[in-house]
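# Fold and contact review
Chain residues, written in single-letter form:
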Amino acid sequence: MDALDLARWQFGVTTVYHFLFVPLTIGLGVFVAAMQTAWHRTGKDHYLTLTRFFGKLFLINFAMGVVTGLVQEFQFGMNWSEYSTFVGDVFGAPLAMEALLAFFLESTFLGLWIFGWDRLPKRVHLACLWAAVIGSNVSAYFILAANAWMKHPVGYEVVDGRARMTDLWAVLTNSTALAQVPHVVGAAFVVAGGFVLAVAGYRLLRERGSDEQARRSPMWRTALRGALVMTAIAGVVVTASGDLSARLLHEQQPMKLAAAEGLRHDTAGAAFSIVPGVEVPGMLSLLTTHDPNAVVQGTDDIQARYEQRFGPADYTPNLPVIYWSFRVMIGFGMATVGLSVLGLWLTRRRRGRGRRRTTAQVVPVWFARACVLALPLPTLAVTAGWLLSEIGRQPWTVQGELLTAASVSPGVGLTEVAISLAVFTVLYGLLAVAEGALLVRHIKAGPEDRPGQRPERPTPTPAETDPGKARLTPTLMY
Amino acid sequence: MVTFWFIVIAFLWTGYFVLEGFDFGVGALLPLLSRGEAERRQMIGTIGPVWDGNEVWVITAVGAMFAAFPVWYSDLLSGYYLPFFLVVVGLIARGVGLEWRGKVTSRREAALCDAGIVTGSVLTAFLWGAIFGHVVRGTAAATVIGGTLSLSVAVLHGAVFLSLKTAGPVRARARRAALLTAAGAVPLAVLALPAVADTAAAPWTWVAALAATAALAAGVALIGRHREGAAFAATTAFITLATAALFGALWRAPLPGLTVTEAASASYTLTVLTWIGLLALPGVLAYQAWTYWVFRKRLTAAAVS
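So, here is what we can say about the structure in this document. Every residue gets a number counted from 1 within its own chain, in the order that chain's sequence is written. Here chains are named by letter from A upward and ligands by number from 1 upward, in the order in which they appear as written. Only residues with pLDDT of at least 70 are given local features in this predicted model, and only at 80 or more are side-chain atom pairs given and counted; all residues enter the totals for whole chains, interfaces and linings. Only heavy atoms go into the side-chain values, all of them from the structure, while hydrogens and water stay out.

### Quick look at the overall build of chain A
- Secondary structure elements are taken from DSSP: a helix is a run of H or I of four residues or more, a strand is a run of E of two residues or more, and numbering for both begins at the N terminus. The number of helices and strands found in chain A is 16 helices and 8 strands.
- Computation of the radius of gyration draws on C-alpha atoms, with the globule rule given as 2.2 Å multiplied by the number of residues to the power 0.38. The C-alpha radius of gyration of chain A comes to 24 Å, within 12% of the 23 Å expected for a compact globule of 478 residues.
- On the principal axes, the C-alpha backbone points of chain A span a range of 75 × 50 × 40 Å.
- Throughout this description, buried means an accessible area under 20% of the type-specific maximum (1.4 Å probe, protein chains only), exposed means over 50%, and partly exposed covers the range between. Looking at the 478 residues of chain A, the share that counts as buried comes to 57%.
- We call two residues in contact whenever any of their non-hydrogen atoms come within 4.5 Å of each other. Restricting the contact set of chain A to residue pairs at least 6 apart, pairs at least 24 apart contribute 78%.

See below:
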């Protein structure tokens, strides 16, 4: 174990953790903005209730995305100074653009939205949320353009041991980025859709047989249908862009493709492995080249070719991790999308029109339960996707140009990285528990009734005497 | 072009220190100036809508350093590994505390959020001065003096901001806190700024340092006379001039043994970045200014409780 290993672990831990929150920020933001838009258009109270309720959950999660994102920007320089020196000229530009064009928009207008409910005209207030949400989505584009450059560097030349940008447009329209952006952003909408499904499903189950049921079940149906549509459409986008990515891998990162399939040798008419031992003949060649007889390269043969080209070293990434990540990504991702298609079918007709009183008339009870149980699936799929994508890039930080081993900060010692890794891991663990608890509590409490009025605040007299047990009213800060 | 981008970086850091300076001050003063939950909410409410947008200034400053001066960015962050690690931890504690403050439901949890806000604000405000103090002079004394100066100026700036943005008892307490903090901040500034100014390379940094000290003194006099708006302008001027002096001193060597030219990206990158900056920054300044306009009213404890 040396500083390089720990720096890699730290990058893995902090990045995977960061991306637990980012998809919800991207996708749920759009969902909340859509609900508020519907309220603005129709004036129906239940859209406002949904806006406020999911808006609160969105904000609890948003905080974590922001603070864990800070770590990313600093850690390139802290742990990977050789990498940063080599790539800064090219890689820094999309990062600076992300901050200037996306983060300012996102943070400033979200502040206006949170505190502007009764200070801004309704239309302006809604526009603020859209501006913030657009900021989040634009930021995804820039950071993915930067990430894509690591896997498929374009628009640069190497001068004096540093990459120099020669064509910004080439960097921003990198084929790898153009395939990756819809794939990752689409996946973010699947995650957010799955989250709304789980929350709506849970509320429907919880309110079964209660007084609130008759009043609220149409509202949960709206949320559920909205999430189902969002997930299903996003599922199509993810699948199509995933197919495109596979073809690009064949050209640009053959090692990753071979590792994902466990293909050891160059093979004509290569089979697609579903799980070890179960294969579809010719399918891998068909998927990656649209020709069932084409040759797909294998890891051992690529290793031999890379040794000739780049000199002796181990160019093969961790094969089992990549093989299984690929299957988790596709399996759990498809399961979520399948669930949404099934849900669209089950909820295709309004039942019990006029007097819709029971959960079963909105959606079968078993389906509501399935939605709750499926909550972790899309997040696991996304995490597996990142493991595939980034571990599959090893041993390179910049494919064909810079090795990970040559990217690490030479002056940073084992102790320093160990301290930061340990503290981040513990801190992140605690924050995850806190965020989970906060989300669960607000989901259990359910939406506030009569959201058109500001809730009355009880006088805080008994609260002052017993600080531990006293309850605070959830404040106006949403 | 390299000179221009050095100025842009200095501008971004100045914006950050001015804007998040008062956020840090408000955070640090939270337990000292509030009596009870309503006043704590009142204090946090003054920065609630804007702090996250203010923090993007540092993300942009660091991102722009990465793009325009990759070697400076890499060597600074890896060379000051543990300080920057603590900066990030501080910003996490403060950010989560501020965002979750309105979502928690018990006093105990609210107190935890407050603890995050206070420690995060104090720690980070201290660290910025400590890091840049050490970069300029390279001694332990400069680290401590720099850190103490940046912390005390942030507290002063935040106290003036609070006296400008609140009504009622918090406003009066903030004014007293500003005067008390000034007793520490002014001598520290008089001590530290001449050490920052670089006579040989940039004689104008002396002018900036002197003007900064004058602005600080004016700020203290103005808050003493209840001229809160003018006092806030004066502390803003102090931070701006002091940051200018700092970056003037860094111009010859942003880090010991490194020149800006060695650190910089090639001219193609700097040119495209210039166009993007020119297109984006006016918009950012306009909508951030608009945010302050929307939330221009003084906050009372009654309005937020």
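### As for a nonpolar patch on the surface
Residue and element names in this part refer to chain A.
- Residues with no salt bridge and a relative accessible area higher than 30% make up the patches, which join like charges within 9 Å and nonpolar side chains (Val, Leu, Ile, Met, Phe, Trp, Tyr) within 5 Å. All accessible-area figures derive from a Shrake-Rupley calculation using a 1.4 Å probe, and residue coverage is judged against the displayed protein chains alone. Any Lys or Arg side-chain nitrogen found within 4 Å of a carboxyl oxygen on Asp or Glu counts as a salt bridge. Together, Ile274, Val275, Val278, Val280 and Trp324 make up an exposed nonpolar region whose accessible area comes to about 390 Å².
- Going through the elements one at a time, strand E4 (272–275) and strand E5 (278–280) are the ones with two or more residues in the nonpolar patch.
- The topology assignment puts Val280 in strand E5.
- A relative accessible area of 30% places Val280 in the partly exposed class.

### What about the interface of chain A and chain B?
- Tallying the contact residues gives 82 residues for chain A and 67 residues for chain B.
- Between chain A and chain B, the buried area comes to about 6,700 Å², and carbon and sulfur atoms account for 72% of it.
- Between B:Glu109 and A:Arg441 there is a salt bridge, with the nearest N and O atoms lying 2.6 Å from each other.
- Those elements that provide at least two residues to the side of chain A that touches chain B are helix H2 (45–79), helix H3 (81–115), helix H4 (122–151), strand E2 (162–165) and helix H15 (414–445) of chain A.
- Sort the elements by how many residues they give to the side of chain A that touches chain B and H3(A) lands first, with 24 residues.
- Broken down by class, the residue content of the side of chain A that touches chain B amounts to 51 nonpolar, 19 polar and 12 charged. The term buried area refers to how much accessible surface (probe radius 1.4 Å) is lost by two components on association, counted for both of them together. Note that Gly is not counted as nonpolar here; it falls among the polar residues with everything else outside the nonpolar set of Ala, Val, Leu, Ile, Met, Phe, Trp, Tyr, Cys and Pro and the charged set of Asp, Glu, Lys and Arg.

### Some thoughts on the pairing of E4(A)
All names here are of chain A.
- Relative to E5, E4 runs antiparallel, the two being bridged by 3 bridges. Residue Val275 lies in a different strand from E5, and its bridge partner there is Val278.
- Between E4 and E5, which pair antiparallel in sequence order, lie 2 residues; one of them, Gly277, sits at a positive phi of approximately 95 degrees. In this scheme, strands are said to pair when DSSP sees at least two bridges between them.

### Considering the packing of helix H8 (residues 169–196) of chain B against helix H10 (residues 228–250) of chain B
Residue and element names in this part refer to chain B.
- Taken N-terminus to C-terminus, the directions of H8 and H10 make an angle of 25 degrees; their axes are 13 Å apart at the nearest point. Relative to H10, the element H8 lies roughly parallel. Judged by the sense of rotation from one axis to the other, the crossing of H8 with H10 is left-handed. Residues Arg171, Ala189, Leu193 and Val196 of H8 touch H10, and the partners they reach there are Glu228, Phe238, Ala242, Ala245, Leu246 and Ala249.
- Its residues assigned to classes, the contact of H8 with H10 shows 8 nonpolar, no polar and 2 charged. Lines fitted to the C-alpha atoms define the axes, with helices restricted to the stretch that makes contact. Angles between their N-to-C directions range from 0 to 180 degrees. For this classification, under 35 degrees means roughly parallel, over 145 means roughly antiparallel, 65 to 115 means roughly perpendicular, and everything else is oblique. Two helices that cross are described as forming a left-handed crossing if the nearer one is turned anticlockwise from the farther one by less than a right angle, and a right-handed crossing if clockwise.

### Quick word on the side chain of A:Thr347
Residue and element names in this part refer to chain A.
- By the secondary structure assignment, Thr347 is in the loop between helix H11 (319–346) and helix H12 (359–362).
- Given the relative accessible area of 1%, Thr347 is considered buried.
- Nitrogen and oxygen atoms within 3.5 Å of one another constitute a polar contact, given that in protein one can donate a hydrogen and the other can accept it, and given that sequence-neighbouring residues count only through two side-chain atoms. Only 2.9 Å separates the side chain of Thr347 from the side chain of Arg225, close enough to count as a polar contact.
- Among all residues touching Thr347, those that are not within four sequence positions of it are Arg221, Leu224, Arg225, Leu228, Val362 and Val363.

### Comments concerning the packing of aromatic side chains
- Think of it this way: a Phe, Tyr or Trp ring, Trp meaning its six-membered ring, pairs with another when their centres are within 6.5 Å, and the plane angle makes it stacked under 30 degrees, edge-to-face over 60, tilted otherwise. Tallied over the full model, the rule gives 53 aromatic pairs over all chains.
- An angle of 70 degrees between the planes, with centres 6.4 Å apart, marks the rings of A:Phe272 and A:Phe326 as edge-to-face. Within this pair, whereas A:Phe272 is found in strand E4, its partner A:Phe326 is found in helix H11, the two being separated by 54 residues in sequence.
- With relative accessibility at 16%, the residue A:Phe272 sits in the buried group.
- Given a relative accessible area of 17%, A:Phe326 falls into the buried group.
- Centre to centre, the rings of B:Phe6 and B:Phe247 are 6.0 Å apart; their planes meet at 65 degrees, and the pair counts as edge-to-face. Of the two residues, B:Phe6 is situated in helix H1 (residues 2–33) and B:Phe247 in helix H10; the sequence distance between them amounts to 241 residues.
- One aromatic cluster is present, formed by A:Phe74, B:Phe6, B:Trp13, B:Tyr16, B:Phe17, B:Phe69, B:Trp72, B:Phe84, B:Trp128, B:Phe132, B:Phe247 and B:Trp251 through successive ring pairs.

### What about helix H9 (residues 204–224) of chain B?
Residues and elements named next belong to chain B.
- Here the expected length of a helix is defined as 1.5 Å per residue gap, with one fewer gap than residues. Compared with the 30 Å implied by 1.5 Å per residue over 21 residues, the 30 Å span of H9 between its first and last C-alpha is a close match.
- Those residues of H9 lying buried are Thr205, Ala208, Ala209, Ala212, Ala215, Leu216, Gly219, Leu222 and Ile223. Axial view of H9: buried residues confined to an arc of 150 degrees, hence all on one face. Every exposed residue of H9 that faces more than 90 degrees away from the buried side is listed here: Val207 and Leu210.
- Contact partners of the buried residues in H9: helix H7 (140–165), H8 and H10.
- Backbone geometry just downstream of H9 places His226 in the positive-phi region, at approximately 65 degrees. Arc, as used here, means the arc of the directions from the helix axis to the C-beta atoms.

### Things to note about the nonpolar core
- Among the nonpolar cores identified, the biggest contains 244 residues, and A:Leu28, A:Phe54, B:Trp13, B:Phe69, B:Trp72, B:Trp128 and B:Phe238 are the most heavily contacted of them.
- Considering every element that reaches this core, the biggest residue donor is H3(A), with 20 residues.
- If we ignore the near neighbours within four places in the chain, the residues touching B:Trp13 are B:Val58, B:Ala61, B:Val62, B:Met65, B:Trp128, B:Phe132, B:Thr243 and B:Phe247.
- Among buried residues, the Ala, Val, Leu, Ile, Met, Phe, Trp, Tyr and Cys ones that are joined through side-chain atoms within 4.5 Å form a nonpolar core. Counting 21 residues, the second-largest nonpolar core is a separate cluster that includes A:Ala260, A:Leu263, A:Val296 and A:Leu388.

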